[in-house]
Amino acid sequence: MYLTYFNGAWSEGNTPLFGAMDHSVWLGSSVFDGARAIRGHLPDLRPHLQRVIHSAERLGMQCPLSVDEMEALVREGVAKFPPDAVLYIRPLVFATEGLLVPVPESSAFALTLFDAAIPPFTGFTACLSTLLRPDARMAPTDAKASSLYANTTRVLREAKARGFDNGVVCDMDGNVAEFATANLFFVTLDGAVVTPALNGTFLAGITRARVIALLKENGVTVQERSVRPAELETATEIFNTGNFGKVTPCVRYEERALPVGPVATRARDLYFAFMEAN
């Protein structure tokens, strides 16, 4: 089921939003964010809504709604689904006018909610991509911009052609940035939990920050630092964090099988305990 709020009304199905001359269609000025409703729980909803406003501003747009207004709409929409529904929440801001540079006041808003189960905790496979993430001098890397996903899909297509589910992407300096679709964590041979430091080439994940905080509260320090690709070759665990799957283990990296390890399991358990308590 797809449910979309647009121009003051809710509608079901794939609601038409754009015209052929809209700035967002031919010049790529759209941003979105992703949050979750899981059996009525809305973990970290407001940070996701705040980020869509920030993302819009980074692309020269102006979100027509405040965080409070978006939150009220989200809650209204979630109430239209069954109480046990597991949903993806996607606020979208897109420009309609402007020649090259979007007219901020022309920005439109749509909110879509749809059924999307949490992926099973059985894991995914990944390889090292030959492609790179751009830095902030090349692209709006500090925004969740729709245009950046052309890079993501290229990485995924390359990985799938090699028989893997996902790809590890490096930055312009050859350091590990993230997976194509989510932030990356791993555990070293000596037991350290590591995630690449934020360096402007990939989005600072809201779920990433939540998992780091939850692990720290439970006595697990996460090192945020530069990571070389070779370090993944000896990691005892690799996993990702992101809004769609929250915490998901990597069970094969290149040709090496990996376990669904205790750190990823603990991170997932802590996240869902946090969700149930809020």
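Residues numbered from 1 in each chain as written. Predicted model: local features only at pLDDT ≥ 70, side-chain atom pairs only at ≥ 80, totals over all residues. Heavy atoms only, no water.

## Comments concerning the overall build of the protein
1) Next: Each helix and strand in the protein was counted, giving 6 helices and 15 strands.
2) Next: Against the compact-globule benchmark of 19 Å for 278 residues, the protein has a radius of gyration of 19 Å, which places it among compact chains.
3) Next: When its C-alpha atoms are laid out on the principal axes, the protein stretches across 55 × 40 × 30 Å.
4) Next: Looking at the 278 residues of the protein, the share that counts as buried comes to 53%. (Helix = DSSP H or I, 4+ residues; strand = E, 2+ residues; numbered from the N terminus. Rg over C-alpha atoms; globule rule 2.2 N^0.38 Å. Buried < 20%, exposed > 50% of the residue type's maximum accessible area, 1.4 Å probe, protein only.)

## Notes on the side chain of Asn240
1) Next: Among the structural elements, Asn240 can be located in strand 13 (residues 237-242).
2) Next: Residue class for Asn240 comes out buried when judged on its relative accessible area of 7%.

## Describing the packing of aromatic side chains
Any pair of aromatic rings gets described here by the distance separating the centres and the angle formed by the planes.
1) Next: Applying the stated criterion across every chain yields a total of 11 aromatic pairs.
2) Next: Considering the side-chain rings of Tyr88 and Phe244, the 6.2 Å spacing of their centres and the 45° angle between planes classify their relative orientation as tilted. Separated by 156 residues along the polypeptide, Tyr88 in strand 5 (residues 86-94) and Phe244 in the loop between strand 13 and strand 14 (246-253) bring together distant segments of the chain.
3) Next: According to the relative accessible area criterion, Phe244 is partly exposed, its value standing at 42%. (Phe/Tyr/Trp six-rings, centres within 6.5 Å; stacked < 30°, edge-to-face > 60°.)

## Details of the environment of Thr207
1) Next: Looking at the secondary structure, you find Thr207 in helix 5 (residues 206-217).
2) Next: When its relative accessible area of 3% is taken as the criterion, Thr207 is described as buried.
3) Next: Taking the C-alpha atoms as reference points, Thr207 and Tyr88, 119 residues apart in sequence, are found 14 Å from one another.
4) Next: Apart from residues no more than four positions distant in its own chain, Thr207 is found in contact with Thr241, Gly242, Asn243, Lys246 and Tyr271. (Contact = heavy atoms within 4.5 Å.)

## Section: helix 6 (residues 262-277)
1) Next: Over its 16 residues, helix 6 runs 22 Å from end to end, which matches the ideal 22 Å to within 8%, given 1.5 Å per residue.
2) Next: Inspection of helix 6 places Val263, Ala264, Ala267, Leu270, Tyr271, Phe272, Phe274 and Met275 among the buried residues, and these make up the whole buried set.
3) Next: Taken together, the buried residues of helix 6 touch strand 4 (35-38), strand 10 (183-187), strand 11 (193-196), helix 5, strand 13 and strand 14. (Expected span 1.5 Å × (residues − 1).)

## A short note on the state of the cysteines
Simply put, the disulfide is a covalent bond whose two ends are the sulfur atoms of two cysteines.
1) Next: Using the criterion set out here, one finds 0 disulfides in the structure.
2) Next: Not engaged in a disulfide, the cysteine Cys127 finds its nearest cysteine sulfur in Cys250; these two sulfurs lie 9.6 Å apart.
3) Next: Cys127 gets classed as buried once you look at its relative accessible area, which sits at 1%.
4) Next: Cys127 provides the cysteine sulfur closest to Cys170, a residue in no disulfide bond, and the two sulfurs are 11 Å apart. (Disulfide = S-S within 2.5 Å.)

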